[in-house]
Every structure is written in C-alpha cells, then in structure tokens.
Amino acid sequence: MHHREPVIFELSRPGRSAVSQQPPAAKAEVPVSLRRRSRPLLPEVSELQAVRHYTRLSQLNFSIDTNFYPLGSCTMKYNPKACNTYAMLPEFLTRHPLSPESTGQGFLACMFELQEMLKAVTGMKAVSLTPMAGAQGEFAGVAMIRAYHRARGDLARNEIIVPEAAHGTNPATATMCGMKVREIPCAADGDVDIDALRAVVGPNTAGIMLTNPSTLGVFERRIVEIKQIVDDAGGLLYYDGANLNAILGMVRPGDMGFDVIHMNLHKTFSTPHGGGGPGSGAVGVAERLMPYLPIPVVGHEDERYRWLDERDLPESIGRLSGFMGNAGVLLRAYVYMRILGHEGMRRVAEYSSLNANYLLARLKAAGFDAAYPERRASHEFILTMKRQARENGVNAMDFAKRLLDYGFHAPTTYFPLLVPECLLIEPTETESKEELDGFADAMASILEEAVTDPAKVKGAPYTTPVRRLDDVRAAKQLDLVWKPGAS
Amino acid sequence: MAYIPHTEEDVRAMLEAIGAPDIEALFDEIPAGLKIASLPGVPPALSEMEVGRLMFRRAAQDGRPLNFIGAGAYEHHIPAPVWAITTRGEIYSAYTPYQAEASQGTLQAIYEYQTMMASLTGMEVSNASLYDGASGLAEACLMAVRANRRSKASRILVPRTVNPTYRRCAEAIAGTQGLVFEDLPYDPATGCTVMDALQPFEGQDITAVVLQQPNFFGQLEDVDAVADWARAQGALLIAVVNPTSLAVLKPPGEWGERGADIACGEGQPLGVPLSSGGPYFGFLTTRMEHVRQMPGRIVGRTLDLDGRSGFTLTLQAREQHIRRGKATSNICTNQGLLMTAATIYMALLGPQGLERVATACMARSAELVDALSAQDGVSRAFDGPRFHEAVLVLDRPVQPVLAALAAEGIVGGYDLGREYPELGHALLVCATETRTREDIDLYAAALGRTLRRAAA
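Treat the numbers as computed from the prediction; the structure is a model and nothing was measured.

When helices and strands are tallied, chain B shows 12 helices and 15 strands. Along the three orthogonal principal directions, the C-alpha set of chain B runs to about 80 × 60 × 50 Å. Burial status across chain B gives 62% buried among its 456 residues. Long-range contacts, defined here as pairs at least 24 residues apart, represent 76% of the contacts in chain B between residues at least 6 apart.

Put into structure tokens, the structure is as follows:
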C-alpha cells in the first residue's frame, strides 16, 4: 500500500480562497518604495482542501497515539489529552506576554508552583523555566558555569569534560559557550572511566557534563566519587536531564551533588514532541549558581506573583527568548505533574524501569545481544546487532526499518556512537505488557527473517508511504522549496 | 495509577521474566544513600476532573482583557482548522522525523513551510524553524559570522529600533562566542535608523548589519538605503521582519540592489496564539549560497528505492548529532508543532487573505492612533509611514495610566520608559485586524476618562 499526497501548491488554483477566514477589505497605503511588487507563493485552496490535505499528511506519520514508539533517549510516553485541553483554555491562549501581572495571576500561580515542584523532584535550590528546549537548557547551564568562574576571576577555567557516550548537544553546547571540549572514554562496564577523568581534571576544568543514568542505559555507580574528583579540581557538575525519567521520585540530581541541571519537560513531564518541538528545557541550580539564572523567573511576595528580571537578578546570564519561553508547554507540564502527584512521580521511575528490564529480558531470551549484559537496564537499554551484521549482513538500520512494517516505530539507531550496530530502546512506563510482548515477537520474527531471507529485511520497509529514501541525492541535488512547474 | 496500565498479574509475570524479586531490586545499582523515601514539595495526585476545576479557576482569574499590545507578539484571528488539525495525535505526539519513512506527513509539511517562508521573505531557502524570533536573531548573527568569510571582526551593528529584547537575547546567546554588538541611533523625528550614523563605520570591518522592518516602534525603515550601504561595506544584511507585514511590504530578498542575506523573525503572527509568550517559532531564510551555514533542521525532496518522490532531513552534516563540538549550532529541535500551525494558517489565508489581514492591521492601527491622539495629553512620537504599531507620548507617567486601564479590562500598550527613557512617557500601542471600531472607541473613551480623572 502506497500513499501519496500532492504538494499543496499542486492543489492551488488562482482566485480560489477560504473566504470566511479573511477580514473585510480595508484601505491602507504603503509608500511605493516600500511596497511588495508581486504576491508571495502561498496556496490558493478552499478550506476543505486545506483541511483534507493536512489531515491526510498527518495520517502518513507514526506517532505515540497510533504506534509503540520506543525511541531511546526520547521518552516517547503518552501525552495526556488533559494537559493539552487545560493549557488551551481561551484565557491562557489570549493572554499577551507583556500584559500587566495583575491580569496574569492565575497563569503566574501555575508557573510558580511548577518551579516549586521541579525544585522538589530535582533537589535543586532554584529553577528557571525560560529555556525553550533541552539544548537551550544546556546552553543556559554551561553559560551559568562560565559566569560563576568569571565572577570569581577564575578565567583559566575554559574546559568542559564530556564522556564519549554523551548526546551531541553536550559538546556542541560547550563550544557555543566558548569552551574547549575534553572527551573522556567509558569503561567496558558502561561507567565513566575514573582514571581518565582524574587525568583530565585540573586548573582549566570548568565542569563536567553527565547524563545519569547515562546514554548507555545504565546508572553511573561511582557518581559520588566523580563528584569528589571534579569538586576537588574546582569544577562544577552539570546534569543532563535527558534520562531523568528513569529515576524520578527515586534519586535527585541535587542529592548526587550536581550544581546545575536541565530537564527535558517534553520527555520526563510528557509535553508533546510535536514532530520535533516545541521542547522545554527548564534549568535548576544549586545555591552557588542562583545569581546567574536566566530571566525571567516567577517570584512570589505579599500574596502576589511577579516576574523577576534584570533588576532582581543583575548577574543573570540574560534572556534566552523574546518573552518567558514556551509558556504553553509549561502549562502542560504543570497539569501533568498535578495529575501524577508525588506518588505518581516515583511510579514513573518504577514502571519505566520495569518495562525496560522486562523487554530486555524478553529480547535476550529471543537471541539478541545486550551491549551491557551484566548491568541493570535503566529505563532504556542497548542491543548490539554486531553479530547479525557479521553473520547475515543485516545491520541495526535494517532491523529498524523492518520494524516499521510490523507497525512499530524504530528504536534510536547508531546512538551512542561508541556501541557498534546499536539499537537504543526505551519503552516508557505508559506501555502495556501486551504491547511489549508484541514488539519482542516482532523482533524475534525479524531475527528469523535475517537468517532465512536477509534481502527482505535489507529492503524494508515495504508498507510505509515511501520506501528507503536516497539521502545522498537529497544532499547533492538540493530540492528544498517547491517551484511552479515541478511535480 | 495515572497512565500506567500494569495489573498486579502483569507485574508478577514481568518480574519473573527478569528474575527480580520486586521492582525495588531493579534499582540495586544505585547507591542506597542517594535514594529518597518521599517527595515533599509535590502535592498529592488529582483526578482529571479536579485538575480541570483548578485550571478553569486559574484561567477565569486572568479573564480576557481587551488587548492593545504588540511589541513582538500579535493578536490575530486564528482559523478554526489550524489547531483542530495541529493537535491531532499524529502530529502532536510524533517525534523529530529521523525515520523518514514513518514521518512523511511531518516532512512534507516542513517542505511546504520552507517553500512558503522562502517566498514570503523573497529568499531562496528556509530552515524548518527555530525556537522564536529573539533567539532566531542570535542564530542569524552567528550564521553571519560563519558566512561572511572576508570579515574577521565578528562585529554586528544593531539599530536601536530593533526590538531591545532581541538585542539582549542575541548578546546572551552569541556573546559567549565573542560577537560584539554595537548600537546605531534613530532619528527622533521619524523613529527610523539614521543613515548618517553609519558613516563613522565606513571602511571598517563590519560582519553584519541588522535591520528590523517594521521596526520596534512600528515605523517603516528605508530598507533599500541600509541594504545598499551594508553591501558596499562588505557586511551581510540581516533582516528582522514581521511575516504578516510581508504580504504588503517589500520582502527582504528585494531590499536594495541585491537584497538581504538572511531574513529572520517571529513566526507567531501566523496562526500561533499569544499564550503568555510561547511556544512560538522563529523563521530563518537565506540565499542558496549560504545554505550550509544555516542552523536548524532542513528538509529536502528526493526519491525512494522505487523512484517515487519523498521527503527527508538533509544537510545533516551541519548538525550536533553528527558534528558534535563542530556543529553550526547545538539546536536539535525546530518548533515543529507551531511551524505546522503556521503552514496551515498560510494555506488557509492564501496570498489574498494575508494581504487583507495586513491591510486591515494598518487601517485599524491608523484608526487607533487617531482616536487616542485626539485625547488631551496624548501625542504621537514620530512622523512617517507605519505598519500596525505606533509610539504615543503621554503628558504623565505611563504605569499608573496602564494600571487604571487594566482595572477597566483594557491592556493599553507597552511602556517604553525603561528601554527608551529619552522618549519621555512613551507608550507603544498596536491594533490588528481583530480590533473593531467599537474596541477602539472603548479604549479611547477609557483613556480620556483616566487622563481627566488624574488631572482633576
């Protein structure tokens, strides 16, 4: 079965329009030298044509609402409808960001309470909600570390230590903050190589960025020792919250000794991924970084909520957005946290770990190789397809593509880079045992196909709207905008 | 248990398969001393009904005052289909389209968006969107430093008529990489950038010049003159534009002899609700020659194994998950959901509809300025053509006036006092197509009353 939906411009006819969406004609003059001369290429379609077109496009996607989506490191759990419904109440939607605080006390109360709840679950002293995605939260975190050292006149501290398993955003962020990146290896058991860490820390160390549980799907067992080593060298500890879901309500980054953390609210607190954003990357800090928090932050005094800005936090690293960040996403996270409550937080860690360890056990029993077979899985785990690639010529990507034919979204492939032919699988706590069993059965079935009919697996997928795409052609013969006359 | 489907029997069977006595055992690699027993600070769970009641109450507390603020976020009519479709689970709950075969809907929508934004701004290529307009300017400045290879200075000229928050945001994000931002003054009569102010920079190494149209005051800048000056200096021109206005205003690609090099701005006016400041999206478009310096996701059309056309993320060699420390930016997401809303918005409005929105904005704004400046104690700050905002000067401090208006359910404008003290008691006001004659009369009458009351 193949679907194709025309590019919307192919549906366009001159003079057609969705009339009821237009305001009445008005008169206004733009001076000739500043005036647009020809109309932009926008579709001329009826309202029904637009509705049908974008509804059909939506049907070409896999999504959490339609498919199991075990994308490791992305925490693709159910996005409760209530979060969307209550964040989209008309009063919230129509509130202008610069309107007086007196007309936003209800909204600000939600934001203040969200800050407080995030402080509680992370064990940090203060929270700023303003970063608009995980990567911006990372930027804010490293910029605060930089500001801290500078304020002390400690200008030599220009190195950020990053384990090789880290997300690509960690080194990219460090570079954006004007830092040098020192990558350190991981030991064979998946933990950070402590000797390598000891060898790189020193008077140039600004800090270390750690994800714990790590991107290798295991808990960093020597975290207390790492904290001591970095502390002794005068560096700060940055917690990448990508995997906070695995320990929510169980262990807090603040108690592990981290100085700064970013949280991916679109992962742990179930705000939507939206086909690639909006994310939301709130940051939390220990006491010594409080003066540098990005602004604005919500304050509460004399029974009123208000924005704290440059006047309240003169040493802030500044503003990272036009207003206060992704407010509507934050409202969704707020609703989610209120529905879960404190008892629900811990269950997130418990059941996401139960699901991951169960799925790992099933897949091991089916003949797959775990990358770290001696370790407990966190809320995710890594399989390596090295053996299948060698014996049958079927690699991790082939498994991923073939899963689509079975109706499952692929796990994360080829990340972390240091595990060859890897699949990073994160089932999340909201999936049922039946769904996990179905996935394990599909994997077992593909494993069998890999032996009996490897060409079939290598040619997959067959049932999706398109088959494998020519990425080289895409990059060489750039076709980035539709042009009249093109098909 | 909220959103967790497990029965007791499931848990028993799963633990048995794992070979663990209980769930607690799954955490046995975590040092015991780090574990917490409870979570003070997070209230007990609520049912959906209870949370609903709370949220309705909070929303009602804020109400829906009549809004006359723009200053970077604009109230427009949002066609009903926009969010009805955008919140479909297939769009709302999908992830970044790494698996292209399973994400053709998202990818094709981005391709259509890129086409619309490139054409609207008069440029050749667009990325798949950035976080918002302010951070988008920061990315545009960093991009200009990469793209302008002749310049060694990392020096960016920023007129004071550029949204001051954009300027601060660019400093916060790009300042850590050594970019230097320098002010250009404005003409107190027209509220536009003074060409003479550029003269001292002639012959110097300038990486890029930023120009906002319409500018932060709502005034229309002489874009051709600034574009040509930048060109002559070997500086790139970064245009910050309002997408609605581009239905009637000359697009950045046509500014001056050769056009701007990078166009960016806040996409919120295109179907995204005000929502207290976000989520919005930033757009960024450029010429083909700079495409490899562009930050963010880009989608291209290509062929599949069977020779049929399809869409995929492309030029990923620029990005953090491939290049790590050497990436063009640390960005991994676009604002997919908002960009989708904007694409549907532009499809529903079409070229004629967007033009009508832009014209209506100008007409309503002109009516507003006439009605307000007819009140005693109110005057206009600047002459010259405008889009849908204007600066008014009051004969007394702005804050108490705004507070009095707010008490009558009117959000009367944005106080420019902190950013532009030299303008006196200056107030930035806006009217879009959503403000009716009645709304404007209501505001004018309330303002008149407030000013008379205070004078008495």
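Let's shift gears to the overall build of chain A. Along the backbone of chain A there are 16 helices and 13 strands. At 25 Å, chain A has a C-alpha radius of gyration in line with the 23 Å of a compact globule built from 487 residues. Across its three principal directions, the C-alpha atoms of chain A cover 70 × 70 × 45 Å. Relative to its 487 residues, chain A shows a buried fraction of 61%. Put simply, 74% of the contacts in chain A that link residues at least 6 apart link residues at least 24 apart.

A few words on the interface of chain B and chain A. With 164 residues of chain B at the interface, the matching set in chain A holds 170 residues. Among the elements that take part in the side of chain B that touches chain A, helix α10 (residues 336–373) of chain B stands out by supplying 21 residues, more than any other. Partitioning the side of chain B that touches chain A into residue classes produces 89 nonpolar, 49 polar and 26 charged.

This paragraph deals with the domain arrangement of chain A. Quoted interface sizes are often the accessible area lost when the parts come together. Residue and element names in this part refer to chain A. Partitioning chain A into domains gives domain 1 (82–340) and domain 2 (349–472). Counting residues at the interface gives 18 residues for domain 1 and 16 residues for domain 2. Here the residues of the side of domain 1 that touches domain 2 sort into 10 nonpolar, 6 polar and 2 charged.

The next point concerns helix α7 (residues 164–174) of chain B. With respect to burial, α7 of chain B is a largely interior element, 9 of its 11 residues being buried. Looking only at α7 of chain B, the buried set comprises T165, Y166, R167, R168, C169, A170, A172, I173 and A174 of chain B. In this structure, the buried side of α7 of chain B is in contact with α5 (134–151) of chain A together with α6 (133–147), β3 (155–159), β4 (180–184) and β6 (236–241) of chain B.

With that settled, the discussion passes to the nonpolar core. In this structure, C141 and I238 of chain B are the most contacted members of the largest nonpolar core, which totals 314 residues. Not counting the four nearest positions on each side in its chain, C141 of chain B is found in contact with I156, A170, A174, L179, A208 and I238 of chain B.

Moving on, we get to the sheet that holds strand β14 (residues 414–415) of chain B. One open sheet holds the 4 strands; their spatial order is β11-β12-β15-β14 (chain B), and the pairing between them is antiparallel. For this open sheet the edge positions go to β11 (378–380) and β14 of chain B, each flanked by a neighbour on one side alone.

The next point concerns the environment of G153 of chain A. Mapped onto the elements, G153 of chain A comes out in the loop between α5 and β2 (159–163). Separated by 286 residues in the primary sequence, G153 of chain A and F439 of chain A have C-alpha atoms spaced 55 Å apart.

Residues and elements named next belong to chain B. We note that the domain assignment places domain 1 (66–76 + 350–455) and domain 2 (80–344) within chain B. Every contact between the two is made by 24 residues of domain 1 and, on the other side, 23 residues of domain 2. Elements supplying a minimum of two residues to the side of domain 1 that touches domain 2: α10 and β12 (389–394). It is α10 that provides the largest number of residues to the side of domain 1 that touches domain 2, a total of 6 residues. For the side of domain 1 that touches domain 2, the class distribution of residues is 13 nonpolar, 5 polar and 6 charged.

Helix packing geometry: the angle between the two helix axes and the distance between the axes. Residue and element names in this part refer to chain A. Packing of helix α11 (residues 327–365) against helix α14 (residues 433–452) leaves a shortest axis separation of 10 Å and a crossing angle of 30°. The orientation of α11 relative to α14 falls into the category roughly parallel. Read as a crossing pair, α11 and α14 show a hand that is right-handed. Contact with α11, carried on its side by N355, Y358, L359, R362 and L363, involves L436, F439, A440 and M443 of α14 and no other residues of that element. Class assignment for the residues of the contact of α11 with α14 results in 7 nonpolar, 1 polar and 1 charged.

Residue and element names in this part refer to chain A. With their axes 10 Å apart at the nearest point, helix α4 (residues 105–122) and α11 run at an angle of 45° to one another. Comparing their axes, α11 and α4 come out oblique. Every pair of crossing elements has a handedness; the one defined by α4 and α11 is left-handed. Counted together, C110, M111, E113, L114, M117 and V121 of α4 and L330, L331, A333, Y334, M337 and M345 of α11 form the full contact between these two elements. Of the residues in the contact of α4 with α11, the class split is 11 nonpolar, no polar and 1 charged.

Let us look at the confidence of the model for chain B. With 99% of its residues at a pLDDT of 70 or more, chain B shows a mean pLDDT of 96. Among the prediction metrics, the complex's ipTM stands at 0.97, with pTM recorded as 0.97.

With omega at 0°, the peptide bond leading from N212 of chain A into P213 of chain A counts as cis. By secondary structure assignment, the location of P213 of chain A is in the loop between β4 (205–211) and α8 (223–232). Omega for the bond connecting G278 of chain B with P279 of chain B falls within 30 degrees of zero, at 0°, which places this linkage in the cis form. With respect to the helices and strands, P279 of chain B occurs in the loop between β7 (262–266) and β8 (282–286). A positive phi angle, close to 70°, is found at T428 of chain A, a residue other than glycine. Notably, S276 of chain B is not glycine yet its phi reads approximately 55°, a positive angle. When the 28 C-beta atoms within 10 Å are taken as the criterion, S276 of chain B is described as buried.

Once that is clear, we can look at the environment of M397 of chain A. Residue and element names in this part refer to chain A. Inspection of the secondary structure puts M397 in helix α13 (residues 396–405). Judged by the 19 C-beta atoms lying within 10 Å of it, M397 is partly exposed. For the pair M397 and K458, spaced 61 residues apart in sequence, the C-alpha to C-alpha distance is 8.6 Å.

To continue, consider the pairing of strand β5 (residues 236–241) of chain A. Along any regular strand the residues' side chains alternate between the sheet's two faces. Residue and element names in this part refer to chain A. Among the 6 residues in β5, 6 count as buried, and that is most of the element. Taken together, the 5 bridges between β4 and β5 define a ladder with parallel strand orientation. Its bridge partner lying in β5, M209 is registered against Y238. Viewed along the sheet, the connection from β4 through α8 into β5 turns out right-handed. As paired elements, β5 and strand β6 (residues 260–263) share 4 bridges and run parallel to each other. Residue pairing for β6: D240 is matched across the bridge by H262.

Next up on the list: the sheet that holds strand β5 (residues 208–213) of chain B. In a beta sheet, neighbouring strands are held together by backbone hydrogen bonds and run either parallel or antiparallel to one another. All names here are of chain B. Pairing within the open sheet is mixed, and its 7 strands lie in the order β2-β8-β7-β6-β5-β3-β4. Looking at strand neighbours, the two that pair on one side only are β2 (125–126) and β4, the edges of this open sheet. Across 3 bridges, β6 lies against β7 in parallel orientation. Paired with V240 across the strands is C264, a residue of β7. Sheet strands in contact with α6 are β3, β5, β6, β7 and β8, and its direction is about 165° off that of β7.

Bringing the environment of P5 of chain B into the picture now. Summarising the element assignment, P5 of chain B is placed in the segment before α1 (8–18). You can call P5 of chain B partly exposed: it has 15 C-beta atoms within 10 Å.

Bringing α14 of chain A into the picture now. Over its 20 residues, α14 of chain A extends 29 Å from the first C-alpha to the last, a length consistent with the 28 Å expected when each residue adds 1.5 Å. For α14 of chain A, every residue scored as buried is listed here: K433, L436, F439, M443, I446 and A450 of chain A. Looking down the long axis of α14 of chain A, one finds its buried residues gathered within 150° of arc, a one-sided arrangement. Residues of α14 of chain A that are exposed and point more than 90 degrees away from the buried face comprise E434 and T452 of chain A. Buried positions along α14 of chain A lie against α11, α12 (386–392), α13 and α15 (454–459) of chain A together with α1 of chain B.

Cut-off values and rules
Residues numbered from 1 in each chain as written. Chains lettered and ligands numbered in written order. Predicted model: local features only at pLDDT ≥ 70, side-chain atom pairs only at ≥ 80, totals over all residues. Helix = DSSP H or I, 4+ residues; strand = E, 2+ residues; numbered from the N terminus. Buried ≥ 20, exposed ≤ 12 C-beta atoms within 10 Å, placed from the backbone. Contact = placed C-beta atoms within 7 Å. Rg over C-alpha atoms; globule rule 2.2 N^0.38 Å. Nonpolar A, V, L, I, M, F, W, Y, C, P; charged D, E, K, R; others polar. Domains from an automatic or database assignment. Core = buried A, V, L, I, M, F, W, Y, C linked by C-beta atoms within 7 Å. Pairing = 2+ DSSP bridges. Axes fitted to C-alpha atoms, helices over the stretch in contact; angles between N-to-C directions. Parallel < 35°, antiparallel > 145°, perpendicular 65-115°, else oblique. Left-handed = near helix turned anticlockwise from the far one by under 90°. pLDDT = per-residue confidence, 0-100. Right-handed = clockwise from strand over helix to strand, strands pointing away. Expected span 1.5 Å × (residues − 1). Arc of directions from axis to C-beta.

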